[in-house]
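Summary of the model geometry
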Amino acid sequence: QIPTEIQHVRDYEVWARDFIADDIWHYIQSGSDQNLSLAANRSSFDDIALLPRVLRSVHQGHTGVDMFGRFHRAPLLLAPVAYHGLVHPEAELATVQAAVALQTAMVVSTLSSRRFADIRRTAEAAAHDLKRPVPPLWLQLYSQPTRKQTAAVLQAAADAGFEAIMWTVDAHYKRSSLNLPAGVNAVNVDMDAQHKHTSQLLDERLVFGSSFTEHAPTWEDLAWLRARTDKPILVKGIVAPADAVQAIAAGANGIVVSNHGGRVLDGMVSPLTVLPHLRAAVGADVPLLLDGGIRWGTDMVKALAMGADAVMVGRPQLHALAVAGMLGVAHMLHVLRVEFELAMAQVGCAHVQELDESVLFRA
Ligand code: FNR
């Protein structure tokens, strides 16, 4: 059951504290070092003011968008988040049922705690029960220590009917000290690769001269990936306009402007701050997604007005899952969508494409 006090996405975060053990809470919430990037992800939204336009008709408006040949009821996706099993026994199976219920695309992490095929099967069963289609399910890819291992992850995702590949490139040099509890594992990658991920750069290790530099992907791996698949490829974790241009030139179909929720390099720019520069660099037609700090419908309006085609939400999935399982995630998505729709109407936009700089105030 969802406590009636929970009205906003933020409320799930407050409630979740009581449902999650200390070390896991820290793993989920943490940024890095001083948490400058984590804080900037929020403050960059709060620092933008909306400039509502009045008396415009929003009759017959809607929040839908088309991306990669599929219709999305709102420009909102579930960001890839590792190990949903850390906070709920049904793990990704609960999350994907919420995705079906709310017709929201889910990006499934390479490090998910349930098998891709099981996530797919659960989505299909829920879709059947609810008499609605399976929403887009995408793979989030972490390159594995060997291409053979990476190819195995891609194959499992293809077998599960995942429709696009979101290749994350910003987290290969990352400190992490979470010890996974018994029963929670990255079941879609082999043990060797799993060990490398879960023991990533423990605090005393150096980067140069370690195996991390040997195995971290480079631009050559984008060419390799492009040659292996006809599916859309989005590169996640780009903030430099020149990198976005290079990725598109190398055959990527979209960019996810992200600083990994402020979890990797502290002091780096927030995605929202740099977004207009990326839009200017890649032009109007390249799909740009953004994540980091999305907690309110008005955040979605701001991100779209500044050049994003859609946004993704990360931590709130785990907060909602911990508090109320599948219902919690569905409710969290519903709250964001309703707030977004209201804010669109309040700034005077009937369709997502109308959201642009004209609804923002800049001194
Ligand atoms: C993440 N993120 C992430 N990204 C990714 O590409 N693969 C992954 O497995 C994970 N895992 C993961 C675990 C946890 C606990 C967090 C908090 C984040 C990053 C995620 O996709 C997204 O970029 C951020 O979470 C967005 O920021 P917010 O919405 O959490 O503020």
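Residues numbered from 1 in each chain as written. Predicted model: local features only at pLDDT ≥ 70, side-chain atom pairs only at ≥ 80, totals over all residues.

By the naming in an unreviewed UniProt entry, the protein goes by Alpha-hydroxy-acid oxidizing protein and is assigned to Vitreoscilla massiliensis. Taken verbatim from the UniProt record of the protein, the Sequence similarities (unreviewed entry) comment is "Belongs to the FMN-dependent alpha-hydroxy acid dehydrogenase family." The UniProt entry for the protein carries the following text under Cofactor (unreviewed entry): "FMN". (UniProt positions renumbered as here; feature names shortened; annotations may be inferred.)

1. Some thoughts on the site of the ligand
For the ligand, the set of nearby residues contains 21 residues, the closest of which are S109, T168, G261, G314 and R315. Partitioning the shell around the ligand into residue classes produces eight nonpolar, 10 polar and three charged. (Near = placed C-beta within 6 Å. Nonpolar A, V, L, I, M, F, W, Y, C, P; charged D, E, K, R; others polar.)

2. Structural notes on the pairing of strand β11 (residues 310-313)
The side-chain alternation of β11 yields two buried faces, one formed by A310 and M312 and the other by V311 and V313. Pairing of strand β4 (residues 76-78) with β11 involves three bridges; the strand directions are parallel. Looking across to β11, one finds that L76 is bridged to V311. Where strand β10 (residues 288-291) lies against β11, three bridges are found, and the strand directions are parallel. Bridge pairing in β11 places L289 opposite A310. Of the crossover connections in this fold, the one passing from β10 over helix α12 (residues 297-305) to the parallel β11 is right-handed. (Buried ≥ 20, exposed ≤ 12 C-beta atoms within 10 Å, placed from the backbone. Helix = DSSP H or I, 4+ residues; strand = E, 2+ residues; numbered from the N terminus. Pairing = 2+ DSSP bridges. Right-handed = clockwise from strand over helix to strand, strands pointing away.)

3. Remarks on the packing of helix α4 (residues 91-101) against helix α5 (residues 116-130)
Relative orientation of the contacting elements α4 and α5 amounts to 40°, with a least axis distance of 9 Å. Judged on the interaxial angle alone, α5 and α4 are oblique. Like other packed secondary-structure pairs, α4 and α5 cross with a definite hand, here right-handed. Residues E92, L93, V96, Q97, V100 and A101 of α4 touch α5, and the partners they reach there are D118, I119, T122, A123, A126, A127 and L130. Of the residues that constitute the contact of α4 with α5, the class distribution is nine nonpolar, two polar and two charged. (Axes fitted to C-alpha atoms, helices over the stretch in contact; angles between N-to-C directions. Parallel < 35°, antiparallel > 145°, perpendicular 65-115°, else oblique. Left-handed = near helix turned anticlockwise from the far one by under 90°. Contact = placed C-beta atoms within 7 Å.)

4. With respect to the packing of helix α10 (residues 241-249) against helix α11 (residues 271-282)
Between two packed helices, both the angle of their axes relative to each other and the distance between the axes serve to describe the pair. For the pair α10 and α11, interaxial distance at closest approach is 8 Å and the crossing angle is 40°. Considering their axes alone, α10 and α11 lie oblique with respect to each other. Between α10 and α11 lies a crossing whose hand is right-handed. The residues of α11 that touch α10, namely those facing P241, A244, V245 and I248, are H277, L278, A281 and V282.

5. Digging into unusual backbone geometry
Even without glycine at this site, D33 takes up a positive phi of about 50°. Topologically, D33 is positioned in the loop between α2 (22-29) and α3 (36-46). Of the residues examined, D33 has 13 C-beta atoms within 10 Å and is grouped as partly exposed. Look at F68: it is not a glycine, yet its phi comes out positive at around 50°.

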